[in-house]
Amino acid sequence: MEIEGKIIKMLPLQTGEGKNGTWKKQEYIIETKGQFPKKVCVALWSEKVDQFQLAINEQVKLFIELESREINNRWYTDVRVWKAEKLGASSDIYPPQPDILPPSATEAPGDGDLPF
């Protein structure tokens, strides 16, 4: 599966020890494109955290897998990223707004005379 959007938040890095050694997990919140944008929490595990090095405000295309597990009669779902691509500026879902600058002295009428 794929999901595309803008990274809007990076949650704290989590680390720990498991039966297979040390692990780390980095979660990000991305906002999807479309008429009704959705926020989705995605996770990168172990070597993927260092491999992709995602940052806030980046436009990304994430390749994900979904996995649910039951703990004490409650179900929990992980959205795990297995591949990430950073998208160029042409695919911005939030295009930059033009800067509004005051006119320069060369553009002002009267060769730079003050208007008062």
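Structural data are supplied above this passage.
Counting of residues starts from 1 at the beginning of each chain's written sequence and follows it residue by residue. Selection of residues for local features in this predicted model requires a pLDDT of at least 70, selection of side-chain atom pairs for listing and counting requires 80 or more, and totals for whole chains, interfaces and linings are taken over all residues. Heavy atoms from the whole structure form the basis of all side-chain values; hydrogens and water molecules are not counted.

S.K.: Got a minute to help me understand unusual backbone geometry in this structure?
M.R.: Note: most residues except glycine have negative phi, and most peptide bonds are trans. Positive phi outside glycine occurs at Ser46, with the angle close to 50°. Working definition: helices are DSSP H or I runs of at least four residues, strands are E runs of at least two. Numbering for both runs from the N terminus. Along the chain, the position of Ser46 falls in the loop between strand S4 (39-45) and helix H1 (47-52). Owing to a relative accessible area of 26%, Ser46 belongs among the partly exposed residues under this scheme. Burial here depends on accessible area, computed with a 1.4 Å probe over protein chains only, as a share of the maximum for the residue type. Under 20% is buried, over 50% is exposed, and the range in between is partly exposed.

S.K.: Can you help me understand the pattern of salt bridges in this one?
M.R.: Counted as salt bridges are all cases of a side-chain nitrogen of Lys or Arg within 4 Å of a carboxyl oxygen of Asp or Glu. This model, assessed by the stated rule, comprises nine salt bridges. For Asp50, the salt bridge identified is with Lys24, shortest N-O distance 2.8 Å. Of the two residues, Asp50 sits in helix H1 while Lys24 sits in strand S3 (residues 21-32), which places them 26 residues apart along the sequence. With relative accessibility at 24%, the residue Lys24 sits in the partly exposed group. Here Lys83 ties to Glu85 by a salt bridge, and the two come within 3.6 Å at their closest N and O atoms.

S.K.: Please clarify how the nonpolar core should be interpreted in this entry.
M.R.: The tendency in soluble globular proteins is for nonpolar side chains to be buried side by side. Judged by nonpolar contacts, the single largest core of 15 residues is most densely connected at Val42, Leu44, Leu54, Leu62 and Val81. Secondary structure elements with two or more residues in this core: strand S1 (2-10), S3, S4, H1, strand S5 (59-71) and strand S6 (74-86). With residues up to four places along the chain from it excluded, the contact list for Val42 reads Gln26, Glu27, Tyr28, Ile30, Leu62, Val79 and Val81. Think of a nonpolar core as a cluster: buried Ala, Val, Leu, Ile, Met, Phe, Trp, Tyr and Cys residues, connected wherever their side-chain atoms sit within 4.5 Å. By the convention used here, residues are in contact when the closest approach between their heavy atoms is within 4.5 Å.

S.K.: I keep staring at the packing of aromatic side chains and nothing clicks. Help me out?
M.R.: Aromatic rings considered in pairs are described by the distance between their centres and by the relative angle of their planes. Here is the rule: rings of Phe, Tyr and Trp (six-membered ring for Trp) pair when centre to centre is within 6.5 Å. Planes less than 30 degrees apart are stacked, more than 60 are edge-to-face, and the remainder are tilted. Scanning all chains against the criterion turns up two aromatic pairs. Ring centres of Trp23 and Trp45 lie 5.6 Å apart, and the angle between their planes is 45°; on these two criteria the pair is classed as tilted. A residue pair is termed long-range when its members are at least 10 positions apart, and Trp23 in strand S3 and Trp45 in strand S4 qualify at 22 residues. With a centroid separation of 5.6 Å and 55° between ring planes, the pair formed by Phe63 and Trp82 is classed as tilted. Of the two residues, Phe63 is situated in strand S5 and Trp82 in strand S6; the sequence distance between them amounts to 19 residues. We classify Phe63 as buried; its relative accessible area is 10%. For Trp82, a relative accessible area of 43% translates into the label partly exposed. The rule is short: NZ of Lys or CZ of Arg within 6 Å of the ring centre and within 35 degrees of the ring normal puts a charge over the ring. It is Lys83 that lies over the ring of Phe63; its NZ or CZ is 4.9 Å from the centre.

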